[in-house]
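What the coordinates show
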Amino acid sequence: MLSTDTIVAPATPPGEGGIGIIRMSGSRAVAFFAEVFRGKTTTPAKMKSHQLYLGGLYNGREELVDEVLAVIMRGPRSYTGEDVIEVHCHGGAQILRSVLDLFLETGARMAGPGEFTQRAFLNGRLDLAQAEAVIEVIRARSERASRVALDQLGGSLSREIYGFTGQIKDALVLLEAHIDFPDDEVGELDLSALLDPLQQVARQMRSLAESFDLGRVLREGISILILGRPNVGKSSLMNAILGESRAIVTEVAGTTRDTLEEQLVLAGFPVRLIDAAGVRDTHDPVEQEGVRRARDKATSADLVLMVVDGSAPLQEEDLLALELCRPEKTLIVINKSDQAQLCDTSRFVGFKHRIAVSAKYNQGVTALGEAIVRHLTEDSSLADNEGVVITERRHREALLGGIEALDGFFAAVDLTVPRECLAMDLREALGALGRITGETTPDEILEQVFGRFCIGK
Ligand code: GDP
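What this report covers is the structure whose coordinates are included nearby.

Quick look at the packing of helix α1 (residues 29-36) against helix α2 (residues 93-106) now. In contact at an axis separation of 9 Å, α1 and α2 are set at 115 degrees when each is read in the N-to-C sense. The crossing of α1 and α2 is right-handed. Contact residues: α1 offers Phe-32, Phe-33, Glu-35 and Val-36, while α2 offers Leu-102, Phe-103 and Thr-106. Split by residue class, the contact of α1 with α2 holds five nonpolar, one polar and one charged.

Here the focus is the packing of aromatic side chains. Applying the stated criterion to the full structure yields four aromatic pairs. Look at Phe-121 and Phe-450: their rings are 6.0 Å apart centre to centre, the planes differ by 35 degrees, and that puts the pair in the tilted class. Here Phe-121, found in helix α3 (residues 115-122), pairs with Phe-450, found in helix α16 (residues 443-451); they are 329 residues apart in sequence, far enough to count as distant. In this structure, Phe-121 and Phe-450 share a single accessibility class: buried. For the pair Phe-450 and Phe-453, a centre-to-centre distance of 5.7 Å together with 40 degrees between the ring planes defines the contact as tilted. Residues Phe-450 and Phe-453 agree in their burial class; the two are buried. Taken together, Phe-121, Phe-450 and Phe-453 form an aromatic cluster joined through their ring pairs. Taking NZ or CZ as reference, Lys-457 lies 4.7 Å from the ring centre of Tyr-79, over its face.

This part takes up the pattern of salt bridges. Pairing of side chains with opposite charge becomes possible as their charged atoms draw close. Enumeration over the complete set of coordinates arrives at 22 salt bridges. We note a salt bridge from Arg-427 to Glu-420, for which the minimum N-O separation is 3.4 Å. When its relative accessible area of 34% is taken as the criterion, Glu-420 is described as partly exposed. A single network of salt bridges, built from pairs that share partners, joins Asp-5, Glu-82, Arg-109, Glu-115 and Arg-119.

This part takes up the sheet that holds strand β4 (residues 52-58). Here we have seven strands laid out as an open sheet, ordered β3-β4-β5-β6-β2-β1-β7, and mixed in their pairing. Looking at the sheet topology across the chains shown, the edges are occupied by β3 (37-39) and β7 (109-110). Inspection of the sheet shows strand β2 (residues 17-25) paired to strand β6 (residues 84-91) by eight bridges, in the antiparallel sense. The partner of Ile-19 across the bridge, within β6, is His-90. Sheet strands in contact with α1 are β2, β3, β4, β5 (64-73) and β6, and its direction is about 75 degrees off that of β3. Sitting on the sheet, α3 is in contact with β1 (7-10), β2 and β7, with an inclination near 135 degrees to β1.

Right, let's talk about the nonpolar core for a bit. Grouped together as the largest cluster of nonpolar side chains are 35 residues, with contacts concentrated most on Ile-168, Leu-399, Leu-406, Phe-409 and Leu-426. It is helix α14 (residues 393-413) that provides the largest number of residues to this core, a total of nine residues. The contacts of Leu-406, once residues within four sequence positions are left out, are Ile-168, Leu-198, Val-201, Ala-202, Met-205, Leu-426 and Ala-429. Counting 30 residues, the second-largest nonpolar core is a separate cluster that includes Leu-214, Ile-226, Ile-355 and Leu-368.

As a further point, take the sheet that holds strand β12 (residues 330-335). The mixed open sheet is built from six strands, whose spatial order is β9-β10-β8-β11-β12-β13. Every interior strand has two partners, whereas the edge strands, β9 (260-266) and β13 (354-356), have only one. Sheet twist, expressed as the mean angle between neighbouring strand axes with direction ignored, is 25 degrees. When strand β8 (residues 222-227) meets strand β10 (residues 269-275), the two strands line up parallel, connected through five bridges. Each residue of the ladder has a partner; that of Ile-226, found in β10, is Asp-275. Strand contacts of helix α12 (residues 316-323): β8, β11 (303-309) and β12, with the helix running at about 170 degrees to β11, the strand carrying the most contacts.

What counts, and at which threshold
- Residues numbered from 1 in each chain as written.
- Predicted model: local features only at pLDDT ≥ 70, side-chain atom pairs only at ≥ 80, totals over all residues.
- Heavy atoms only, no water.
- Axes fitted to C-alpha atoms, helices over the stretch in contact; angles between N-to-C directions.
- Helix = DSSP H or I, 4+ residues; strand = E, 2+ residues; numbered from the N terminus.
- Left-handed = near helix turned anticlockwise from the far one by under 90°.
- Contact = heavy atoms within 4.5 Å.
- Nonpolar A, V, L, I, M, F, W, Y, C, P; charged D, E, K, R; others polar.
- Phe/Tyr/Trp six-rings, centres within 6.5 Å; stacked < 30°, edge-to-face > 60°.
- Buried < 20%, exposed > 50% of the residue type's maximum accessible area, 1.4 Å probe, protein only.
- Lys NZ or Arg CZ within 6 Å of the ring centre and 35° of its normal.
- Salt bridge = Lys/Arg side-chain N within 4 Å of Asp/Glu carboxyl O.
- Pairing = 2+ DSSP bridges.
- Core = buried A, V, L, I, M, F, W, Y, C linked by side-chain atoms within 4.5 Å.

So this is what it looks like as structure tokens:
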């Protein structure tokens, strides 16, 4: 799977910018670069590794394509482990296209998505968990998410996994010694001595698998649904929370039909704030579809802000919406607190969290934000977790697979099963853990992992 052809791609996003970077990697990268670069002070062959040089890029007709700063990072001390060239051009779409074409004409090939990182993985510069962290660092939407991703890039998850595999390998070596040699040569096998450390490993693996609850939220964001019948002030509340008027506020009941979604960060968590269509019994097909979607979203949301109009008695539609809410995942928001209150709050027994606000006059909105944060951090799985957090479903599945194999070992250990079977359970557990760091990851999974990357990374 190792390929040594030379790949090239823009490393900066398309559009105008101060600079745009083209990156090239492979065994002929320096040679291709030397064909087109004229340095002000030296030639590419004499350029020191990891130092920037000023010069010009010239096409075959000796015309200047761009004036650039360029750096050669000679392998293996580079991102991919191969010779890497980065050319800092002027950040315009046409210039970048011309420079890219220039390198393609010299013989480089356009890189596929994630191909630079894939080479870093194949050349042993990163393991798979670290390679996956690269994309998480780029996509992180909150400070906490980027902290977790940077830790993983630094090897925190890999170290944890190697810790587990180390312990399991120790047990396996011992077991295999007793398979290969008779007990009178290597001494009686004390299976119970193997159990303690392996049970500890299984416990740690389980708690790492459970950290996915937090990891998923950091990666995908917490979904908060704003639910309620038409005209209670959902759009106004959304605007008040966002501090800007992006949702359309209207006087006509039933006009917020589509689900609107906005993103913000609350207490370090990326949050998706979703304004659902009003819940009401309606024969309007467009609105029925919206109501159906609101039901689905209420079921899957991490938190529902159930909005009622405090200035009016509760209506049938309020109760309909209330029925969709699970009390432990719901905050009752009694809106229009600036007006005389006519709403019968006894209907909210069973819902622990209630808060009065005026979305229109921005009263109580800060307290609502605080209540949301309290609710999120009360959920113990989302509390500040200083340990390693997994953010990939793939990692969770591999850990659960490993735990299952260890459970098989624990169940069999008391029985008089052949030791070869016990060894197989341990090998299976190692195989599952190896899928996280990439030792035993099938090629099609590798392709999927790197296929999620952007071109140029
Ligand atoms: P939605 O249909 O639930 O999204 O409701 P809107 O946000 O469109 O608001 C419906 C009406 O209620 C508008 O006329 C708003 O100005 C009004 N409204 C919203 N919040 C408040 C509030 O806190 N106090 C008062 N007095 N009126 C409000």
